[in-house]
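Observations on the model geometry
Here's the letter readout for the chains.
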Amino acid sequence: MAKLYRLLTADDTSEFCHKVSEALSKGWELYGDPAYGFDAANGVMRCAQAVTKDVPQDYSPDMKLGQQ
């Protein structure tokens, strides 16, 4: 059994909400609070949310976390 970790990031648009919602629908769980910051180089707000998931197999750095 392994606990996986991902940090989801995107511009502060509905795309970010859909990315987090998709992860939740696949069994990922929120980990901590979301973070927001202004990306001055691109003039946009950016969002980040950590998620974790328990999986039955052993962890491998070759895992495609988005496909878990």
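Heads up: the structure comes first, above all this text.
First things first, this report covers the structure right here in the doc.

The rules behind the values
Residues numbered from 1 in each chain as written. Predicted model: local features only at pLDDT ≥ 70, side-chain atom pairs only at ≥ 80, totals over all residues. Heavy atoms only, no water. Helix = DSSP H or I, 4+ residues; strand = E, 2+ residues; numbered from the N terminus. Buried < 20%, exposed > 50% of the residue type's maximum accessible area, 1.4 Å probe, protein only. Contact = heavy atoms within 4.5 Å. Areas by Shrake-Rupley, 256 points an atom, 1.4 Å probe, with all protein chains shown as cover. Lys, Arg positive; Asp, Glu negative; His and termini not counted. Charge placed at Lys NZ, Arg CZ, Asp CG, Glu CD. Phe/Tyr/Trp six-rings, centres within 6.5 Å; stacked < 30°, edge-to-face > 60°. Lys NZ or Arg CZ within 6 Å of the ring centre and 35° of its normal. Salt bridge = Lys/Arg side-chain N within 4 Å of Asp/Glu carboxyl O.

**Some thoughts on the overall build of the protein**
- Scanning the protein from terminus to terminus reveals one helix and three strands.
- Taken from the N to the C terminus, the helices and strands of the protein come in the order β-α-β-β.
- Each of the three principal axes of the protein carries a C-alpha extent, and together these read 40 × 20 × 20 Å.
- The buried share of the protein, taken over its 68 residues, is 28%.
- Counting only contacts in the protein whose residues sit at least 6 apart along the sequence, the fraction spanning at least 24 positions is 59%.
- Of the roughly 4,700 Å² of accessible surface on the protein, 51% is carried by carbon and sulfur atoms.
- Within the protein, the 10 negative side-chain charges are centred at a point lying 5 Å from the centre of the 7 positive side-chain charges.

**Observations concerning the packing of aromatic side chains**
- Taken as a whole, this structure holds one aromatic pair when the rule is applied.
- Lying over the aromatic face of W28, R6 brings its terminal NZ or CZ to 5.1 Å of the ring centre.

**Thoughts on the pattern of salt bridges**
- Counted under the stated rule, the structure contains three salt bridges.
- With a closest N to O distance of 3.2 Å, K3 and D54 form a salt bridge. A residue pair is termed long-range when its members are at least 10 positions apart, and K3 in strand β1 (residues 2–11) and D54 in strand β3 (residues 44–55) qualify at 51 residues.
- For K3, a relative accessible area of 57% translates into the label exposed.
- Taking the relative accessible area as the measure of exposure, D54 reaches 47% and is therefore partly exposed.
- When the shortest N-O distance is used, the salt bridge between D11 and R46 registers 2.9 Å. Here R46 lies in strand β3 and D11 lies in strand β1, a separation of 35 residues in the sequence.
- A relative accessible area of 30% means that D11 is categorised as partly exposed.

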